[in-house]
Every structure is written in C-alpha cells, then in structure tokens.
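Summary of the model geometry
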Amino acid sequence: MSASGGTKAIVAALSANLAIAVAKFVAFLFSGSSSMLAESVHSLADSGNQGLLLLGGKRARRAATPQHPFGYGRERYIYAFLVSIVLFSAGGMFALYEGYEKIRNPHPIEAWYWPVGVLVFAIVAETISFRTAIKESNPLRGDRSWREFVRHAKAPELPVVLLEDLGALIGLILALAGVSLALATGDGVWDGIGTLCIGTLLILIALVLAAETKSLLLGEAATADDERKIQAAVVDHATVTRLIHMRTLHLGPEELLVAAKIAVRHDNTAAEVATAINAAEERIRAAVPIARVIYLEPDIYSATAAADGTDPAPPAATP
C-alpha cells in the first residue's frame, strides 16, 4: 500500500483497538456493564476493520492478469465497503440488542472502578490513534474541510480510520456517561440507554461509509485539479490543436484511466499522428503521474459537428 493508503494510521488504530478490546472485556467480566460489553465488541469490530483494510491494500498490489487487465486496485474499495457494511453494522446491531436487553432486565454495575478506569484508558488510547490519523491525513487533505476530504478522498483507508476513531471516541464518551449515570442513580437502565446510543452511532457511521465507498466502487472521475492538468498537458497547439472530449476513471486510488478524443491537423501523416499521440501521453503522465492507462483517439475537429451535437462540447478549460 502506498503512503497515501495511511498504513501507519491503520497499524496505530489496530494496535490501540486490540489493547482496548481486551481491557473492555475484562471490565465487563468484573462489572457486568452492558456498555462495556458493547464497547468491547465495537473495538473487536474495529480491529477486524483494520485487518480488512491491510488485506485489501496487500491484494490490490497484485499484477494485472488477462482476466483483470486493469489490475486489482479496486480491491481497496471492496474491502473498505466490507468494513462499512459487515463489521460496523454487526457491531451496531449487537449494541442495540445488548442495550435493549439491559433496559428490559436492568441490574446494577458491580466493581465500578473497572469500567471507569478502562474507559479513561480507552479514551487516551483512541485519542492517540485519532491524532495519528489526523496527522497522516493532513498532507492529503490540503486546504479542504474534513467533510470534503472524507467525501472526495480516492484512497478509502484514511477516511475509514478517521470515522472509526471519531466514532470510537464518541462511543466511549457515551459509555462513560451511561456508566456514570447508572452508578449515580443505582439504576442499570442508564447503562442500557448508553449502549443503545453506541449502537445508533455505529450504524450511522456505517451508512456514511457505505455511501462514500459505494461511489468509489461505481467509479469516480479524476479530481477537478487533475482533470485541469490533463487538459492543459494534452494540447500543444502544434500537433494536438484541441481536446474534443475526455473521460477519466479511477481504477484504484493511485491509478487513473484517461480516454480522450484529440484534434490533430488534417494534413498530418499517420506517422505524425502517432508521434503526436505518444508525445501527448508523455505530457499527461508528467503532469499527472497516476495517469497509468491512457487511450487517445485522433480526429479532425469540426465546429459544425460540435454545434450539432455529434461531438461532445470540449472542456471549458480548453482554449
């Protein structure tokens, strides 16, 4: 996985979640808190999430085959989608069930210092993991807002880890609130209510991640900035006079397909057209290195055909 895949953030989150899951489960055994049981399952689910992300990154590096000529870059999207649907939803539904059962059959929390101590430890550990994810994301985020970064990032790992860590921190606060209210009132129902809130939170995050990874699986175009660079690179006004139309598609986070119809001079020979295409491909790759697969179709530009709709209108940035 490339650096942009956020391997460091994934490993940090995996290490934190495994340690937290063990601590939460021990706290559940000693205290009987349903919030702690829900949170331990949440942390186990998150650990599985990170394992899937690492596996997806490894499988995506496989070489292209005749059956999959464009490679396996989209494996990263598939595994991110599995994270959002299977593990997050499973964790959320379990928490809802456990919260419902605790409200139906409430019982006081025993050995209160176990859940409180573990929750404080977990908050510290998740904060460190969240800080690592933020640090890894900032160079890629640039001047975009966090909402825009999550919505438009082409590499799914960092948005997944960011939302996981954010959800984990909020879930820990909800669990701490539920445990504290149960201890203060002596009523275990509050512990169940905290568990229900955790389940609802996990399902909401699952829906957000599912929507974003679904868009990546369907196939997203290059960013507007990359498309502008490609448009500027393809036209040299000497051999390629204009870009008639263009389509781009991410084959993976760091692999872009570019297909375009370019206008060449009507009196160019076949050898000159081939040379122009090769030069245009080199310019595109220099401007946008992730443009790995490029198909350029030469044509003679016709203003009449464009006006009639035979040729799609050229991009606005093209002179």
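Everything in this summary refers to the structure shown in the same document. (Residues numbered from 1 in each chain as written. Predicted model: local features only at pLDDT ≥ 70, side-chain atom pairs only at ≥ 80, totals over all residues. Heavy atoms only, no water.)

Our next topic: the sheet that holds strand β2 (residues 255–264). Strand order across the open sheet formed by three strands is β1-β2-β3, with mixed pairing between neighbours. With one partner strand each, in any of the chains shown, β1 (240–252) and β3 (291–299) form the two edges of the open sheet. Ignoring which end each strand starts from, the neighbouring axes of this sheet average 15° apart. Note that β1 and β2 share 10 bridges and pair antiparallel. Bridge pairing links Gly-252 to Glu-255 in β2. The strands touched by helix α8 (residues 224–234) within the sheet are β1 and β2, with β1 carrying the most contacts at an inclination of about 145°. (Pairing = 2+ DSSP bridges. Helix = DSSP H or I, 4+ residues; strand = E, 2+ residues; numbered from the N terminus. Axes fitted to C-alpha atoms, helices over the stretch in contact; angles between N-to-C directions. Contact = heavy atoms within 4.5 Å.)

In this fold, Asn-268 is placed in the loop between β2 and α9 (270–287). Along the primary structure Asn-268 and Lys-58 are separated by 210 residues, whereas in three dimensions their C-alpha atoms are 46 Å apart. Excluding anything up to four places from it in sequence, Asn-268 contacts Thr-239 and Val-273.

Empty space among the atoms becomes visible once a probe the size of a water molecule is rolled across them. Per the stated rule, a full pass over the model turns up one cavity of 30 Å³ or more. What lines the largest cavity is Val-150, Arg-151, Ala-153, Ala-155, Pro-156, Pro-159, Val-160, Leu-209, Glu-212, Thr-213, Leu-216 and Glu-220. At the level of secondary structure, the elements contributing two or more residues to the lining of the largest cavity comprise α5 (146–152), α6 (157–185) and α7 (189–218). Considering every element that reaches the lining of the largest cavity, the biggest residue donor is α7, with four residues. Here the residues of the lining of the largest cavity sort into eight nonpolar, one polar and three charged. (1 Å grid on protein atoms, 1.4 Å probe; cavity = no way out; pocket = protein on both sides within 12 Å on 5 of 7 lines; lining within 4 Å. Points joined across faces, edges and corners; volume = space filled by probe spheres on them. Nonpolar A, V, L, I, M, F, W, Y, C, P; charged D, E, K, R; others polar.)

All right, on to unusual backbone geometry then. The phi torsion at His-237 lies on the positive side, around 70°, for a residue other than glycine. Looking at where His-237 falls in the secondary structure, it is placed in the loop between α8 and β1. Take His-237: its relative accessible area is 46%, and that puts it in the partly exposed class. (Buried < 20%, exposed > 50% of the residue type's maximum accessible area, 1.4 Å probe, protein only.)

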